[in-house]
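For reference, the chains in residue letters:
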Amino acid sequence: MLTIYPITTLALVLALIVYFALSVNVGRARATWNVPAPQASGHPEFDKRYRVQMNTLEQLALFVPGVIVGAPVLGDMVAGGLALLWSIGRIVFASAYYTDPAKRGPGFGLTLLPSLVLLLAGAWGAISALI
């Protein structure tokens, strides 16, 4: 994937960096609001950061396979653009969630849409190859 889809690969790496940064936010929140491990809840501000990290991990389970199966069908530019949109969506989601969890919808949509497009493209490519 590295040499055949360089833009997609870089966008995928960016997505993992976003996840890493969200994980660091959880660690900082543990210290700031005194929520010792292994507690998964405590102060409301910690809880927000923890939920954003966990939701991002859940979304990665759809996104990463979607990138892998979608890139050969859509090409490097389109798949890379969708992967970049995913990362932007996660940042929008996190920012909104930290401020007011009820306003997380647009960021969630910007995350879910690229994943679905990539997965559907991969399915289409596989079905087309079988026909």
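Look a little higher up for the structure.
In short, a report on the structure.

Rules behind the numbers
Residues numbered from 1 in each chain as written. Predicted model: local features only at pLDDT ≥ 70, side-chain atom pairs only at ≥ 80, totals over all residues. Heavy atoms only, no water. Helix = DSSP H or I, 4+ residues; strand = E, 2+ residues; numbered from the N terminus. Expected span 1.5 Å × (residues − 1). Buried < 20%, exposed > 50% of the residue type's maximum accessible area, 1.4 Å probe, protein only. Contact = heavy atoms within 4.5 Å. Phe/Tyr/Trp six-rings, centres within 6.5 Å; stacked < 30°, edge-to-face > 60°. Salt bridge = Lys/Arg side-chain N within 4 Å of Asp/Glu carboxyl O.

Attention now goes to helix H1 (residues 6–32). The terminal C-alpha atoms of H1 lie 39 Å apart, and with 27 residues this matches the ideal 39 Å at 1.5 Å per residue to within 8%. Within H1 the residues assigned to the buried category are Thr-8, Thr-9, Ala-11, Leu-12, Ala-15, Val-18, Tyr-19, Leu-22, Val-26 and Ala-29. Elements in contact with the buried residues of H1: helix H2 (44–74) and helix H3 (76–99). The first or second residue beyond H1 is Asn-34, which carries a positive phi of 50°.

What follows covers the packing of aromatic side chains. By the definition in use, this model includes 3 aromatic pairs. Ring geometry for Phe-46 and Tyr-50: centres 5.9 Å apart, planes at 25°, overall stacked. With a gap of 4 residues between them, Phe-46 and Tyr-50 both fall in helix H2, about one helical turn apart. Of the residues examined, Phe-46 reaches a relative accessible area of 0% and is grouped as buried. Here Phe-93 and Tyr-97 contribute two aromatic rings whose centre-to-centre distance is 5.6 Å and whose plane-to-plane angle is 40°, an arrangement assigned as tilted. Here the residue Phe-93 and the residue Tyr-97 both occupy positions in helix H3, the gap between them amounting to 4 residues, near one helical turn. Here the two residues Phe-93 and Tyr-97 agree in accessibility, since each one is buried.

A word on unusual backbone geometry. The linkage connecting Ala-37 with the following residue, Pro-38, adopts the cis geometry, with an omega of 10°. Within the secondary structure layout, Pro-38 lies in the loop between H1 and H2. Of note, the phi angle at Asn-34 is positive, near 50°, even though the residue is not glycine. With respect to the helices and strands, the residue Asn-34 is situated in the loop between H1 and H2.

In total, this model carries 3 salt bridges according to the counting rule given. With a closest N to O distance of 3.0 Å, Arg-49 and Glu-45 form a salt bridge. Within this pair, Arg-49 and its partner Glu-45 are both found in helix H2, separated by 4 residues, close to a single helical turn. Arg-49 sits in the buried class, given a relative accessible area of 16%. By relative accessible area, which is 22% here, Glu-45 ends up partly exposed. Where Glu-58 meets Arg-51, a salt bridge forms, and the shortest distance between an N and an O atom there is 3.9 Å. Residue Glu-58 is classed as partly exposed on the basis of its relative accessible area, which comes to 43%.

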